[in-house]
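The residues making up each chain are set out below.
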Amino acid sequence: MKKNEISKAMIDLVNPILKPLGFGKYRASDSIIFHKKTEFGFNEVPLLIWNYGDFFYVSLTFLIRIDALNKVFLPYSSYVFHEDDKTMTIGADINMFGYQGDHKIKVETEVELQRALILLEEILMKNGLKFFENFQTVKSVDVELNRMNRPLNLYCNEVVDRPIVGITAAALNHNPEFEFWVNFYREKLSKSTEHRKKKYEGLVLHLRSIL
């Protein structure tokens with residue numbers, strides 16, 4: 001098998017599902033991404049292929065951007081901030097949707113590729129589209145991230161992303177437990193870098209000023 005053959009097979013798989021929903025296809029560096037502009041930001045489904053000599057790994061990821069959140073927290077994040085920034089707010093891989101092997105599927109033969117495509121189609125239809133439906137507002141992110149006993153790193157990195165995304169969502173959604181979550185994330189960051197802790201405290205001050 002060749003990478004371009006696998007890429008075509010994955011495009012043929014997702015295009016009939018995503019195109020009617022308003023997704024367009026474009027190439028970014030070495031991958032194909034299906035992108036949909038929404039009222040709140042965008043949804044994306046990158047088609048991922050890794051080549052390891054005689055075999056490949058394939059996968060899908062599901063990315064959501066909510067502009068109202070990112071425009072507030074990005075200057076206080078660990079990412080390099082640009083005015084035209086297009087970073088995601090939250091995202092999911094197939095492991096988060098129950099695939100037990102990993103976040104990617106190994107394929108060495110045409111038969112294994114077809115099995116992988118069937119599995120990816122099932123995840124896309126059953127979980128990926130529902131993920132996009134479930135997270136379209138600041139409130140939906142607040143409710144998801146700011147709850148106790150969540151699985152670690154679900155939809156975002158537990159230390160790098162969850163504190164800044166979660167506390168921003170709590171503030172913009174006027175969560176009455178805002179101060180509880182301020183302290184919760186402060187404790188979560190207690191063993192992180194001084195730079196990250198300083199960024200977080202700056203964000204908290206900013207959010208208090210706009211509440």
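Below, the structure is looked at part by part. Note that the structure is predicted; figures quoted are calculated from it, not measured.

Let us now look at the pairing of strand 4 (residues 55–66). Buried residues dominate strand 4, accounting for ten of its twelve residues. Two elements, strand 3 (residues 41–52) and strand 4, share ten bridges in a ladder whose sense is antiparallel. When the sheet's bridge partners are listed, Phe 42 is paired in strand 4 with Arg 65. From the end of strand 3 to the start of strand 4, which pair antiparallel, there are two residues, and Gly 53 there has a positive phi angle of about 75°. Bridge count for strand 4 against strand 5 (residues 90–93) is four bridges, and the pairing is antiparallel. For Ile 64, the partnering residue across the bridge sits in strand 5 and is Ile 90.

Moving on, we come to the environment of Phe 184. For Phe 184, the position within the fold is in helix 6 (residues 178–188). As for Phe 184 and Asn 146, which are separated by 38 residues in sequence, their C-alpha atoms are 9.6 Å apart. Once residues within four sequence positions are removed from consideration, Phe 184 is found in contact with Met 148 and Arg 162.

Contact geometry for helix 5 (residues 162–172) and helix 6: axes closest at 10 Å, N-to-C directions at 175°. Between helix 5 and helix 6, the crossing angle belongs to the class labelled roughly antiparallel. Between helix 5, through Arg 162, Pro 163, Gly 166, Ile 167, Ala 170 and Ala 171, and helix 6, the contact on the second element is made entirely by Phe 178, Trp 181, Val 182, Phe 184, Tyr 185 and Lys 188. For the contact of helix 5 with helix 6, the residue count by class is nine nonpolar, one polar and two charged.

Attention now goes to helix 1 (residues 3–18). Look at helix 1: 22 Å from first C-alpha to last across 16 residues, which is about the 22 Å you get at 1.5 Å a residue. Those residues of helix 1 lying buried are Ile 6, Ser 7, Ala 9, Met 10, Ile 11, Leu 13, Val 14, Ile 17 and Leu 18. Considering only its buried residues, helix 1 is in contact with strand 1 (24–28), strand 2 (31–37), strand 3, strand 4 and helix 3 (110–134).

What counts, and where the lines are drawn
- Residues numbered from 1 in each chain as written.
- Predicted model: local features only at pLDDT ≥ 70, side-chain atom pairs only at ≥ 80, totals over all residues.
- Heavy atoms only, no water.
- Buried < 20%, exposed > 50% of the residue type's maximum accessible area, 1.4 Å probe, protein only.
- Helix = DSSP H or I, 4+ residues; strand = E, 2+ residues; numbered from the N terminus.
- Pairing = 2+ DSSP bridges.
- Contact = heavy atoms within 4.5 Å.
- Axes fitted to C-alpha atoms, helices over the stretch in contact; angles between N-to-C directions.
- Parallel < 35°, antiparallel > 145°, perpendicular 65-115°, else oblique.
- Nonpolar A, V, L, I, M, F, W, Y, C, P; charged D, E, K, R; others polar.
- Expected span 1.5 Å × (residues − 1).

Everything listed here is a matter of coordinates, which is why it stays silent on function.
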